[in-house]
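Observations on the model geometry
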Amino acid sequence: NEFRMAVNGIFEKTGLLFNLSAYGMVERIVENGTLSKETETAVAQIKEKGIKELLNDAILSYKTPAPSARQNAVEKIWDALERLKTYYTLMDKKSSASKIVTDMAKGQSMYIDLFNAEFKALTDIGNNYRIRHHETTKIDITDSKYYDYFFNRCLSLIALAIQYLK
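Residues numbered from 1 in each chain as written. Predicted model: local features only at pLDDT ≥ 70, side-chain atom pairs only at ≥ 80, totals over all residues. Heavy atoms only, no water.

**Section: the overall build of the protein chain**
Basically, it comes down to this: The way it works is that DSSP assigns letters per residue, a run of H or I at least four long becomes a helix, a run of E at least two long becomes a strand, and they are numbered from the N terminus. Accessible area is worked out with a 1.4 Å probe on protein chains only. A residue is then buried under 20% of its type maximum, exposed over 50%, and partly exposed in between. Throughout, a contact is declared for two residues whenever any of their heavy atoms are within 4.5 Å. Areas reported here follow the Shrake-Rupley algorithm with a probe of radius 1.4 Å; residue values treat only the protein chains shown as occluding.
Each helix and strand in the protein chain was counted, giving seven helices and two strands. Counting helices and strands in the order they occur from the N terminus, the protein chain gives α-β-β-α-α-α-α-α-α. By its C-alpha atoms, the protein chain is 50 × 40 × 30 Å across when sized along the principal axes. Here the protein chain holds 166 residues, and 37% of them are scored as buried. Pairs at least 24 apart in sequence give 54% of the contacts found in the protein chain among residues at least 6 apart. By element, 54% of the accessible surface of the protein chain is carried by carbon and sulfur atoms, the whole surface being about 10000 Å².

Written out as structure tokens, the structure is:
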């Protein structure tokens, strides 16, 4: 514990946005991001094992200091988004996603439209950029900072949605 505090003091003093966790892992500190302790707690409470694993993998990769890990984090969070759409297993994917949106929106049509548009926009991003698909026709992500944007945008919707899962 004393060693960890000393290392974290060095990180802070030198302005490095890293933290040595109690588990001995160096984690990246992301300022102005969507990822919070509250979000991580909500992820831990998800009942569906596959979504929980994908989100935990995404979060772990996102916190890793290596810039190359952010690509993996974005891919995993997009996989979690796609799996989230099938959360209600007694329904087809479209009906399950519709139920999630309706529950998030509390039945209010303006919010249903908003959340449907965001789910569609994120699906389109995942299909058109080199996130989930790697064909030569996909748009390359040319700046590593874009991964932070994509991760936080997708996590923001997922973090809200999981609060309404039953």
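**Details of the packing of aromatic side chains**
Rule in force here: Paired rings are identified among Phe, Tyr and Trp, the last through its six-membered ring, by centres lying within 6.5 Å, and are further divided according to the angle between planes into stacked (under 30 degrees), edge-to-face (over 60) and tilted (the rest). Geometrically, a lysine NZ or arginine CZ counts as sitting over a ring once it is within 6 Å of the ring centre and also within 35 degrees of the ring normal.
Evaluated as defined, the whole model comprises six aromatic pairs. Judged by centre distance (5.5 Å) and plane angle (55°), the rings of tyrosine 149 and phenylalanine 150 are tilted. The residue whose ring lies beneath lysine 99 is tyrosine 88, and the NZ or CZ to ring-centre distance is 5.1 Å.

**Notes on the pattern of salt bridges**
Definition in use: Each salt bridge in this description consists of a side-chain nitrogen of Lys or Arg and a carboxyl oxygen of Asp or Glu lying within 4 Å of one another.
Enumeration according to the criterion identifies 12 salt bridges in this entry. Glutamate 82 is paired through a salt bridge with lysine 85; the nearest N and O atoms lie 2.9 Å apart. As far as the burial class goes, glutamate 82 and lysine 85 line up, both buried. Salt-bridge contacts for aspartate 140 lead to arginine 130; the nearest nitrogen and oxygen are separated by 3.3 Å. Taken together, the residues aspartate 140 in the loop between helix H6 (109–128) and helix H7 (145–161) and arginine 130 in the loop between H6 and H7 connect sequence positions 10 residues apart. Salt bridges linked by common partners bring Glu82, Lys85 and Lys93 together as one network.

**Structural notes on the nonpolar core**
Generally speaking, nonpolar side chains in soluble globular proteins are found buried as a group. For the record, the criterion: Nonpolar cores are built from buried Ala, Val, Leu, Ile, Met, Phe, Trp, Tyr and Cys residues. Side-chain atoms within 4.5 Å join them into one set.
Core analysis: the biggest nonpolar cluster contains 37 residues, and Ile77, Trp78, Leu84, Ile100, Phe151 and Ile158 have the highest contact counts within it. Those elements giving two or more residues to this core turn out to be helix H3 (49–63), helix H4 (69–84), helix H5 (93–105), H6 and H7. Among the elements that line this core, the one with the most residues is H7, at eight residues. For isoleucine 100, the contacting residues outside a window of four places in its chain are Leu84, Lys85, Tyr87, Tyr88, Phe119, Ala161 and Leu165.

**What to know about the side chain of arginine 70**
Relative to the elements of secondary structure, arginine 70 occurs in helix H4. In this view, arginine 70 contacts Arg28, Tyr62, Thr64, Pro65, Tyr147 and Asp148; residues no more than four positions away in its chain are not counted.

**Section: H6**
Here is the rule: Every helix has an expected span of 1.5 Å times one less than the residues it contains. In this context, the arc is that of the directions from the helix axis out to the C-beta atoms.
Taking 1.5 Å of rise per residue, the 20 residues of H6 would be expected to cover 28 Å, and the 28 Å separating its terminal C-alpha atoms lies within 8% of that figure. When H6 is considered as a whole, its buried residues turn out to be Phe115, Phe119, Leu122, Thr123, Ile125 and Gly126. The buried side chains of H6 occupy one side of the element, clustering within an arc of 160° when seen end-on. Turned more than 90 degrees away from the buried face of H6, the exposed residues are Met110 and Lys120. Its buried side turned inward, H6 meets H4, H5 and H7.

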